[in-house]
Amino acid sequence: MSGPTDGTPGRPDGVGPADAPPSGPAGGRPSGLRDPVRAVRGLGAGTLVIETVVLLLAIQPIRVLGGNLSGSAIAVVVGLAVAAVVLAGMMRRPWAWHGGTVLQVLLLFAGFLHWSLGVLGLVFGLVWLYVLHVRRTILG
């Protein structure tokens, strides 16, 4: 077989040399990332930081728009936001990924304090499941 234009041998799919392994999850490198571990850590940390911002910004609209969010409920939301920031900074440790999962479950249970917190728990829980899927896909 020959390459696409220059007559050199190539893989059957016509891309690259014949002895080069195909890239992707089936063979070779699992991704084209230079440092996949660092990229996945950044994805997890970024997700947790975004969750922190959303949680803190959600307090006032819930209070103003008829949510009877008590002082203890606000403390729970702030505590969850602080936990998210701490976990985002600890993503190098393997247990932080489990901590992120626990955080999503706790946020889902915060829906008993106000329904909108349950919606946020559902949304960020689904996002966290996707992050875990990407982590498993890239790192194997």
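If you're wondering where the values come from, they're calculated on a predicted model, not measured in any experiment.

Q: Got a minute to help me understand the overall build of the protein chain in this structure?
A: When helices and strands are tallied, the protein chain shows four helices and zero strands. When each of the 140 residues of the protein chain is scored for burial, the buried share is 34%. Surface exposure of the protein chain reaches about 8,700 Å², of which carbon and sulfur atoms provide 69%.

Q: Which parts of the structure should I look at to understand the packing of aromatic side chains?
A: Here the distance between the centres and the angle between the planes together describe a pair of aromatic rings. For the structure on display, the rule yields two aromatic pairs. The interplanar angle of 15° and the centroid separation of 6.3 Å between the aromatic rings of Phe109 and Phe112 together place this pair among those described as stacked. There is no split in this pair, since Phe109 and Phe112 are both exposed.

Q: I'm lost on helix H2 (residues 71-89) in this one. Help?
A: In an α-helix, one turn spans 3.6 residues; hence positions three or four apart end up facing the same way. Between the first and last C-alpha of H2 there are 27 Å, a value that for 19 residues agrees with the 27 Å anticipated at 1.5 Å per step. Along H2, the positions that sit buried rather than exposed are Ala73, Val77, Leu80, Ala81, Ala84, Leu87 and Ala88. Summarising the axial view, the buried residues of H2 lie within an arc of 125°, below the 170-degree limit, and thus occupy one face. Facing away from the buried surface of H2 by more than 90 degrees, the exposed residues are Gly71, Ser72 and Gly89. Contact partners of the buried residues in H2: helix H1 (36-64), helix H3 (94-109) and helix H4 (115-139).

Q: Please clarify how the side chain of Gln104 should be interpreted in this entry.
A: Residue placement: Gln104 occurs in helix H3. The contact partners of Gln104, leaving out residues within four places of it in the chain, are Leu48, Glu51, Gly121, Phe124, Gly125 and Trp128.

Here is what the cut-offs are and how they apply
- Residues numbered from 1 in each chain as written.
- Predicted model: local features only at pLDDT ≥ 70, side-chain atom pairs only at ≥ 80, totals over all residues.
- Heavy atoms only, no water.
- Helix = DSSP H or I, 4+ residues; strand = E, 2+ residues; numbered from the N terminus.
- Buried < 20%, exposed > 50% of the residue type's maximum accessible area, 1.4 Å probe, protein only.
- Areas by Shrake-Rupley, 256 points an atom, 1.4 Å probe, with all protein chains shown as cover.
- Phe/Tyr/Trp six-rings, centres within 6.5 Å; stacked < 30°, edge-to-face > 60°.
- Expected span 1.5 Å × (residues − 1).
- Arc of directions from axis to C-beta.
- Contact = heavy atoms within 4.5 Å.

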